[in-house]
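Below are the chains, spelled out letter by letter.
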Amino acid sequence: MSTHDWNTSHFETRAIHAGQDPDPSTGAIITPIFQTSTFVQEAVGEHKGYDYARSDNPTRTALQTALASLEGGAWGLSHASGLAAAQNLFYLVRPGDHVLLSNDAYGGTYRLVAKVIANYGIEFDLVEMSDLVSVRAGIKPNTKLVWVETPTNPYLKIVDIAGVAEIAHDAGAKLVVDNTFASPYLQQPLAHGADFVLHSATKYLGGHSDVIGGALIGNDEETYATLKFMQNAAGAVPAPFDSWLILRGLKTLGVRMDRHSANARAVAEYLERQDLVDQVFYPGLTSHPGHDVAARQMSDFSGMVSFTTRGGFESAKAFVESTTVFQLAESLGGVESLVEHPGQMTHLSVAGTGAAVADNLVRLSVGIEHIDDLLGDIEAALAAVSQKLSVRV
Ligand SMILES: *Cc1c(COP(=O)(O)O)cnc(C)c1O
């Protein structure tokens, strides 16, 4: 059996093969789920690279190799969740250090910083990351980490990765980009100057709403040694089966993202034409203020669309309760379409803060179903809202 250097192959090929050569002991084409806690040693300290499964597990190794390849990084580390990956990265900062975070960071990331990390003497500030002047103004002499998400949640704002990387590096800080909303198929932050990429693999990487997972990818070998040490020392590692589910998801990432993006664009364009819809937030629309930056750093615009309804909270609530193909649920990035009311669901915990969202905002995670079924569902839901509101008036 001859082997192939997958790093010379294209993204879609690497997604299927990188780190996933056939199992040498059996020829199994799919990486086995190594459901074991320990590995037998030939002699004391003499083993095949695996001694205890918190430290390393072959299914996880395959996933980490694949993720590094897809993000164009030298290394990847998988974690039990996106937030476990975030926690691991925060072990790099020390008491007295300062972290600069987006003012609309993922709620769980904000909670980790504000309610956990801050208790350990680490300072943080929130800034408008889509505005480079604000980013520069937010930097302090002790800033060690700048934390970017793009596109953001739920307004799909776009942050100029290369622009923020330059500001962070001028200040001697590292830049992490949470690439969850884009996926490496559409956006490769390391190529734009980021030091680390973070993923909630729960979303597009897994892609089937059946697993919680997270990952960090980067190039710097010295930091890798620290993060790899912490992955084992703190122990928030993914189970072998969860690693395997994410690996299986990765194989179809490219085709899924193509369809997510095509469907989301059609949905966004449709919504823009509806009387009941006020504003549509989708970076693929030329009306989006971040469209040009997005077009520069993304190859397509992914599957998340938000919009505000005319008629206030009542109309938004009526809409999310009227769809029947789009299921009412939190989370995103799965093959099935989801709808939610951020103000009352994903973003309820930031109500009354600077990160609060409009109460007539609706967020869609556009899946890969047939576009006619998705548009038909939205059309019927909008009609139901109109009827409900006009009856009330
Ligand atoms: C879901 C999510 C996270 C957290 O990931 P978990 O897997 O839920 O821990 C972090 N960032 C973004 C952008 C997310 O959507």
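Notes on the structure follow. What you see as residue numbers is a count from 1 along each chain, following the sequence as written. Local features in this predicted model are restricted to residues whose pLDDT is 70 or higher, and side-chain atom pairs enter the listing and the counts only when it is 80 or higher, whereas totals over whole chains, interfaces and linings include all residues. Water and hydrogen atoms play no part in the side-chain values, which are based on all heavy atoms of the structure.

1. Notes on helix α9 (residues 253-272)
The secondary structure listing takes helices from DSSP runs of H or I that are at least 4 residues long and strands from runs of E that are at least 2 residues long, numbered from the N terminus. The span expected for a helix works out to 1.5 Å for each residue beyond the first. Taking 1.5 Å as the rise per residue, α9 with 20 residues should run 28 Å; its terminal C-alpha atoms sit 28 Å apart, in good agreement. All of the buried residues along α9 are Leu253, Gly254, Arg256, Met257, His260, Ser261, Asn263, Ala264, Val267, Ala268, Tyr270 and Leu271. With a 1.4 Å probe rolled over the protein chains alone, any residue whose accessible area is under 20% of its type maximum counts as buried; one over 50% counts as exposed, and the rest are partly exposed.

2. Concerning the side chain of Asp23
As for its placement among the helices and strands, Asp23 is situated in the loop between α1 (11-17) and α2 (58-71). Only 2.7 Å separates the side chain of Asp23 from the side chain of Thr26, close enough to count as a polar contact. Should any heavy atoms of two residues lie within 4.5 Å, those residues are considered in contact. In contact with Asp23, not counting residues within four places along its chain, are Ala28, Pro32 and Phe34. We call two N or O atoms a polar contact when they sit within 3.5 Å, provided that within protein one can donate a hydrogen and the other can accept it, with sequence-adjacent residues counted only if both atoms are side-chain atoms.

3. Let's talk about the sheet that holds strand β1 (residues 75-79)
Here the rule is simple: two strands pair whenever DSSP picks up at least two bridges between them. Pairing within the open sheet is mixed, and its 7 strands lie in the order β1-β7-β6-β5-β4-β2-β3. Each edge of the open sheet is held by one strand with a lone partner, namely β1 and β3 (123-127). This sheet shows a mean twist of 20° between the axes of neighbouring strands, independent of strand direction. Think of each axis as a best-fit line through the C-alpha atoms, taken over the contacting stretch in the case of a helix, with angles from 0 to 180 degrees between the N-to-C directions. This element, helix α4 (residues 107-116), spans β2 (98-102), β3 and β4 (143-149) of the sheet and lies at about 145° to β3. Packing of helix α6 (residues 161-170) onto the sheet brings it into contact with β4 and β5 (174-178), and relative to β5 it is tilted by some 150°.

4. Details of the packing of aromatic side chains
Here a pair means two rings of Phe, Tyr or Trp (six-membered ring of Trp) with centres within 6.5 Å. Their orientation is stacked below 30 degrees between planes, edge-to-face above 60, and tilted elsewhere. Following the criterion strictly, the structure yields 10 aromatic pairs and no others. Pairing Trp75 with Tyr224 gives two aromatic rings, centres 5.2 Å apart and planes at 35°, and the pair type is tilted. Within this pair, whereas Trp75 is found in strand β1, its partner Tyr224 is found in helix α7 (residues 221-234), the two being separated by 149 residues in sequence. Given a relative accessible area of 4%, Trp75 falls into the buried group. Judged by its relative accessible area of 22%, Tyr224 is partly exposed. Taken together, Trp75, Phe196 and Tyr224 form an aromatic cluster joined through their ring pairs.

5. Notes on the site of the ligand
The rule for a residue being near a molecule or strand is that one of its heavy atoms must lie within 4 Å of it. Taken together, Ser81, Gly82, Leu83, Tyr106, Glu149, Asp178, Thr180, Phe181, Ser200, Thr202, Lys203 and Gly213 make up all the residues around the ligand. Between an oxygen atom of the ligand and a main-chain N or O atom of Gly82, the distance comes to 2.9 Å. The separation between an oxygen atom of the ligand and a polar side-chain atom of Ser200 is 2.9 Å. When the ligand is considered free in solution it has 380 Å² of accessible area, and contact with the protein chains removes 93% of it. Note on areas: Shrake-Rupley, 1.4 Å probe, and residue coverage restricted to the protein chains presented here.

6. A few points about α6
Taken residue by residue, α6 has Ile161, Gly163, Val164, Ala165, Ile167 and Ala168 as its buried positions. Structurally, α6 contributes buried residues whose contacts are with α5 (132-138), β4, β5 and α10 (291-297). Regarding α6, its N-cap is Asp160, as a side-chain oxygen of that residue lies 3.3 Å from the backbone nitrogen of Ala162 further along. One or two residues past the end of α6 sits Gly172, with phi positive at roughly 75°.

7. A closer look at the side chain of His79
By the secondary structure assignment, His79 is in strand β1. Judged by its relative accessible area of 2%, His79 falls in the buried class. Side-chain polar atoms of His79 contact the backbone oxygen of Leu77, separated by 3.4 Å. Here the side chain of His79 touches Asn88 through a polar contact of 2.9 Å, side chain to side chain. His79 has contacts with Ala84, Ala85, Asn88, Gly213, Gly214, Ala215, Leu216, Gln231, Ala236, Val237 and Pro238, leaving out every residue within four places of it along the chain.

8. Thoughts on unusual backbone geometry
A cis geometry characterises the amide bond from Thr150 onward to Pro151, with omega recorded as -5°. As for its placement among the helices and strands, Pro151 is situated in the loop between β4 and α6. In this structure, Pro154 follows Asn153 across a cis peptide bond, with omega equal to 5°. With respect to the helices and strands, Pro154 occurs in the loop between β4 and α6. The backbone of Ser183 sits at a positive phi, close to 75°, despite the residue not being glycine.

9. Overview of the pairing of β4
The buried fraction of β4 amounts to 6 of the 7 residues, a majority that puts the element mostly inside the structure. Strand direction decides the pairing type here: β2 and β4, joined by 4 bridges, are parallel. In the strand pairing of β4, Val99 is matched with Leu145. Pairing of β4 with β5, which is carried by 5 bridges, proceeds in the parallel orientation. Pairing of Val146 across the sheet is with Leu175, part of β5. What joins β4 to β5 is α6, and the crossover it makes is right-handed. Here is how to tell: hold the view so the strands point away, follow the path from the first strand over the helix to the second, and if it runs clockwise the crossover is right-handed.

10. With respect to the packing of α2 against helix α8 (residues 240-251)
Where α2 meets α8, the axes come as close as 8 Å, and the angle between the chain directions of the two elements is 35°. Of the two possible hands of crossing, α2 and α8 adopt the one that is left-handed. Contact with α2, carried on its side by Thr59, Arg60, Ala62, Leu63, Ala66, Leu67 and Leu70, involves Pro240, Ser243, Trp244, Ile246, Leu247 and Leu250 of α8 and no other residues of that element. Here the contact of α2 with α8 is composed, by residue class, of 10 nonpolar, 2 polar and 1 charged. Rotating anticlockwise by less than a right angle from the far helix to the near helix defines a left-handed crossing, while the corresponding clockwise rotation defines a right-handed one. Ten residues, namely Ala, Val, Leu, Ile, Met, Phe, Trp, Tyr, Cys and Pro, are considered nonpolar, four, namely Asp, Glu, Lys and Arg, are considered charged, and the remaining ones, Gly among them, are considered polar.

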